[in-house]
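# A structural walkthrough
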Amino acid sequence: MPELPDVEIYRRVLERHGLNRRIAAVEVLDVGMLADVGPADFARALAGDRLTGTRRHGKNLFARRGRGGHLWMHFGMTGALAPFREDAPAHARILYRFEQGPHLAYVDVRRLGHVGLVEDVEAWLEAEGIGPDALDPALTAERFAEALGRGRRSVKAALMDQARIAGIGNVYADEILFQAGLRPDVPVSALDEEWRRRLFAVMREVLRTAVDCGAAAERYVERLPDDYLTKRREKGARCPRCDTPLETLRIGGRTSFYCPRCQIDPRG
DNA sequence: CGTTATGTTCGATG
DNA sequence: GCATCGAACATAAC
């Protein structure tokens, strides 16, 4: 589930296994994953180099290269970064081989992710139109409130808009709205400052909790608090708080789970 | 076979 | 101009 918490875990994987080690070779097993760079240039840029630092912004992961510039990864819907020693994991698309294992594999079943080279991260984020990271300490409640906007757009669509706040996807948007007690289809124009502050605090809490529970790990969902909606994301499930059957909505082509009793529309 | 799935982008439509 | 909707991308699981 590569949303912010999952990508944060991959950042830690990269930090732990990929930093300051000489890259012996890069194997591009699927050229289609590369964005704006050919396999030969990509491999040549990294082979012999070292990664000297990591950074995550929203769902994007960057690794600083010793020679300058950065390696960039986006995980799409099914991407992951996994260490391996002998055989590469199933659906591995790019292998980063170090002189001694473990090596790292960029894995992506559906191949909707992208990998490439980025020179200047700040300039790249600006050019891509990506908003402030949801967990950036510099993101204040005031900036968050402003970023949500004031239009007719639904609060869920706004939360998932990477140009406004970067890092939230379908699953965590539903969780944040459940924990905040807000229906997903409420237009942002209906949110007063108090609701915006509440949404901000809940967003931080939910994302931090997901990271702390080891997002992206096998069966990490089980470690989430019992009152988390994410544990019940399936048809016919009931609200973890009041046992009311959950309902679904389609917003932006994606399914939204919500509790019709615990989540309200501030307009009444 | 049909439906759905954590993301993003693009073209069409309101 | 802005927001929304469906389709597309590609693959697996139920």
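Residues numbered from 1 in each chain as written. Chains lettered and ligands numbered in written order. Predicted model: local features only at pLDDT ≥ 70, side-chain atom pairs only at ≥ 80, totals over all residues. Heavy atoms only, no water.

Moving on: the overall build of chain A. Along chain A, the regular secondary structure elements total 7 helices and 10 strands. Against the 2.2 N^0.38 benchmark of 18 Å for 268 residues, chain A shows a C-alpha radius of gyration of 20 Å, consistent with a compact globule. The principal-axis extent of the C-alpha atoms belonging to chain A is close to 60 × 35 × 30 Å. Pairs at least 24 apart in sequence give 62% of the contacts found in chain A among residues at least 6 apart. Only carbon and sulfur atoms are counted for the fraction: they give 46% of the accessible area of chain A, which is about 12300 Å². Where the 42 positive side-chain charges of chain A centre and where its 39 negative ones centre are 2 Å apart. (Helix = DSSP H or I, 4+ residues; strand = E, 2+ residues; numbered from the N terminus. Rg over C-alpha atoms; globule rule 2.2 N^0.38 Å. Contact = heavy atoms within 4.5 Å. Areas by Shrake-Rupley, 256 points an atom, 1.4 Å probe, with all protein chains shown as cover. Lys, Arg positive; Asp, Glu negative; His and termini not counted. Charge placed at Lys NZ, Arg CZ, Asp CG, Glu CD.)

Attention now goes to the packing of helix α4 (residues 141-148) against helix α7 (residues 193-212). To describe two helices that pack against each other, one gives the angle between their axes and the distance between the axes. Running from amino to carboxyl end, α4 crosses α7 at an angle of 110 degrees, the nearest separation of the two axes being 9 Å. In this view, α4 runs roughly perpendicular relative to α7, as classed from their interaxial angle. Here Ala-141, Phe-144, Ala-145 and Leu-148 of α4 lie close against α7, whose contacting residues are Glu-193, Arg-196, Leu-199, Phe-200 and Met-203. Partitioned by chemical class, the residues of the contact of α4 with α7 number 7 nonpolar, no polar and 2 charged. (Axes fitted to C-alpha atoms, helices over the stretch in contact; angles between N-to-C directions. Parallel < 35°, antiparallel > 145°, perpendicular 65-115°, else oblique. Nonpolar A, V, L, I, M, F, W, Y, C, P; charged D, E, K, R; others polar.)

Moving on, we come to the domain arrangement of chain A. You can read the domains of chain A as domain 1 (4-128) and domain 2 (141-258). One C-alpha centre belongs to domain 1, the other to domain 2; they are set 28 Å apart. Taken together, the contact between domain 1 and domain 2 spans 11 residues of the former and 13 residues of the latter. Summing both partners gives a buried area of about 930 Å² for domain 1 against domain 2, and 69% of it is carried by carbon and sulfur. Our enumeration of links across domain 1 and domain 2 arrives at 0 salt bridges. Counting across the interface, domain 1 meets domain 2 through 3 residue pairs in polar contact (both at pLDDT 80 or more). Sort the elements by how many residues they give to the side of domain 1 that touches domain 2 and helix α1 (residues 4-18) lands first, with 7 residues. Residue composition of the side of domain 1 that touches domain 2, grouped by class: 5 nonpolar, 2 polar and 4 charged. (Domains from an automatic or database assignment. Buried area = accessible area lost by both parts, 1.4 Å probe. Salt bridge = Lys/Arg side-chain N within 4 Å of Asp/Glu carboxyl O. Polar contact = N/O pair within 3.5 Å; in protein donor to acceptor, adjacent residues only side chain to side chain.)

We now examine the sheet that holds strand β1 (residues 23-28). Here we have 4 strands laid out as an open sheet, ordered β1-β6-β7-β5, and antiparallel in their pairing. On the outer flanks of this sheet lie β1 and β5 (79-84), each paired with one strand and no other. Put simply, the sheet's adjacent strands are angled 15 degrees from each other on average, direction ignored. Across 6 bridges, β5 lies against strand β7 (residues 103-108) in antiparallel orientation. Opposite Leu-81, over in β7, you have Tyr-106 as the bridge partner. This element, α1, spans β5, β6 (92-98) and β7 of the sheet and lies at about 25 degrees to β5. Strand contacts of helix α2 (residues 39-46): β1 and β6, with the helix running at about 165 degrees to β1, the strand carrying the most contacts. (Pairing = 2+ DSSP bridges.)

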